[in-house]
Amino acid sequence: MRQGRVLSGMRPTGRLHLGHLFGALENWRQLQDEYESYFFVADWHALTSDYADPSRLQEHTREVVLDWLSAGIDPEKAVLFIQSRLPEHAELHLLLSMITPLPWLERNPTYKEQLQEVTNKDLSTFGFLGYPVLQAADILIYQANYVPVGVDQLPHIELTREIARRFNHLYKPVFTIPESMLTEFPKIPGTDGRKMSKSYNNCIYLSDSPEAVEHKVKPMITDPARIRRTDPGNPDVCPVYDLHKIFTPKDERESYVVPGCRTAAIGCLDCKGVLLKHMLPVLSPIYERRVKLAGQAGLVEEILAAGTEGARKVARQTLLVAKEAMGI
Ligand code: TRP
Ligand code: SF4
């Protein structure tokens, strides 16, 4: 059953939303049954860009772990931990930084893009340039075979492979060359029709109560051409319909929602009612689990302590071999 080792990380951005659920957690939840799995919160990675204001880092880290557990990530199946509790990652990052050519980092598309696009913080730091080297250390220290990530992370996994190959070639074959496992997921619009994102304030969170979800779905943007109840609509341009594609069974979509919309036989509120009927049974159990988990004092801490010890055994072993290979 265990076909190798899977590892993935998530930056502690605060409460997780449907984008995280379908873009990562649903996938992780399946992987944990099939692979030896390591999932961690990349809090050092958060510092590479948010170093100036770390005030909510601890809080965000806890929220992320609570959301994982609520979404069914199971500490009995997967090793769950926080990056910064394993200084072994930092030590390997240092060693890998010795052999990583600067141009590899300067060429990194994510780096170039962020430097240009992010204007509200100064990203011209050593730490930010080295982001992929730290990520390589995260991955290689567990000898991971597979790294489930979104498409934006592919350049980082490619760089990880190159660093590992260079190390293995310069010294001796220490590191497993990991493969990315691309997580394909449907488009998840926020309540305003743009991509669901914390910075747009358009998210449906895993920690939202069923009432909160209803309050967010009811006023959602629909086909902008459908102004009056009697106007026919077009599901293909409607963000509500994008959510239907995730939650509503195909036959109900095709026999009721689509024709109802196109002929104006149903109104948008009816349509959102159908969506909620399918959405709430998925989201409510997550919400309820989260309320329960959040109320159990010390639980998250206990899980993380056990995860950290589990991770450390593997990390320490790899680090030892890597150091020895480098003559340290
Ligand atoms: N860079 C990843 C992201 O922003 C997070 C991350 C850090 C990661 N270390 C990792 C992902 C190792 C996979 C493996 O999403
Ligand atoms: Fe969108 Fe549904 Fe309204 Fe059609 S009926 S425009 S699919 S919300």
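In this text the structure is predicted, and so the values were computed from the model without any measurement.

Here the focus is the pattern of salt bridges. As enumerated under the stated definition, the model contains 23 salt bridges in all. The salt bridge involving K77 is made with D33; its shortest N-O contact spans 2.8 Å. With a gap of 44 residues between them, K77 in the loop between α3 (57–70) and β3 (78–82) and D33 in helix α1 (residues 18–34) connect regions that are remote in the sequence. Taking the relative accessible area as the measure of exposure, D33 reaches 34% and is therefore partly exposed. A salt bridge links K218 to E214; the nearest nitrogen and oxygen atoms lie 2.9 Å apart. Of the residues examined, E214 reaches a relative accessible area of 30% and is grouped as partly exposed. Taken together, the shared-partner salt bridges connect R15, D208 and K216 into one network.

Another point: the packing of helix α8 (residues 131–140) against helix α9 (residues 154–170). Closest axis-to-axis distance for the α8/α9 pair is 9 Å, and the angle between their directions is 70°. Judged by the angle between their axes, α8 and α9 are roughly perpendicular. Contact residues: Y131, P132, V133, Q135, A136, I139 and L140 in α8; H156, I157, L159, T160, I163 and A164 in α9. Grouping the constituent residues of the contact of α8 with α9 by class yields 10 nonpolar, three polar and no charged.

A few words on the site of ligand 1. The immediate surroundings of ligand 1 are formed by 14 residues, with R11, Y131, Q135, D138 and Q153 found nearest. At 2.7 Å from a nitrogen atom of ligand 1 is found a side-chain nitrogen or oxygen belonging to Y131. Interatomic distance of 2.9 Å between a side-chain N/O atom of Q153 and a nitrogen atom of ligand 1. Out of a free accessible area of 370 Å², ligand 1 has 93% covered by protein chains. Among the secondary structure elements, those contributing two or more residues to the shell around ligand 1 are β1 (5–10), α8 and β4 (146–149). Among the elements that make up the shell around ligand 1, the one with the highest residue count is α8 (four residues). Of the residues that constitute the shell around ligand 1, the class distribution is seven nonpolar, five polar and two charged.

This brings us to the pairing of β1. Along β1, five of the six residues are buried, which leaves the element largely enclosed by surrounding structure. Read from β1 through α1 to strand β2 (residues 36–41), the crossover connection turns out right-handed.

Let us look at the pairing of strand β5 (residues 179–182). Strand direction decides the pairing type here: β4 and β5, joined by four bridges, are parallel. Looking at β5, one finds that V149 is bridged to L182. Once you follow β4 into α9 and on to β5, the crossover reads as right-handed.

Quick look at the domain arrangement of the chain now. Per the domain assignment, the segments of the chain are domain 1 (5–188 + 297–325) and domain 2 (208–291). Placing a centre on the C-alpha atoms of domain 1 and another on those of domain 2 gives a separation of 35 Å. Taken together, the contact between domain 1 and domain 2 spans 14 residues of the former and 10 residues of the latter. In total, domain 1 and domain 2 occlude about 960 Å² of area from one another, counting both sides; carbon and sulfur atoms represent 62% of this. Linking domain 1 with domain 2 are four salt bridges. Measuring nitrogen to oxygen at the nearest pair gives 4.0 Å for the salt bridge that ties D208 to R15. Counting across the interface, domain 1 meets domain 2 through four residue pairs in polar contact (both at pLDDT 80 or more).

Parameters at a glance
Residues numbered from 1 in each chain as written. Chains lettered and ligands numbered in written order. Predicted model: local features only at pLDDT ≥ 70, side-chain atom pairs only at ≥ 80, totals over all residues. Heavy atoms only, no water. Salt bridge = Lys/Arg side-chain N within 4 Å of Asp/Glu carboxyl O. Helix = DSSP H or I, 4+ residues; strand = E, 2+ residues; numbered from the N terminus. Buried < 20%, exposed > 50% of the residue type's maximum accessible area, 1.4 Å probe, protein only. Axes fitted to C-alpha atoms, helices over the stretch in contact; angles between N-to-C directions. Parallel < 35°, antiparallel > 145°, perpendicular 65-115°, else oblique. Contact = heavy atoms within 4.5 Å. Nonpolar A, V, L, I, M, F, W, Y, C, P; charged D, E, K, R; others polar. Near = heavy atom within 4 Å. Polar contact = N/O pair within 3.5 Å; in protein donor to acceptor, adjacent residues only side chain to side chain. Areas by Shrake-Rupley, 256 points an atom, 1.4 Å probe, with all protein chains shown as cover. Right-handed = clockwise from strand over helix to strand, strands pointing away. Pairing = 2+ DSSP bridges. Domains from an automatic or database assignment. Buried area = accessible area lost by both parts, 1.4 Å probe.

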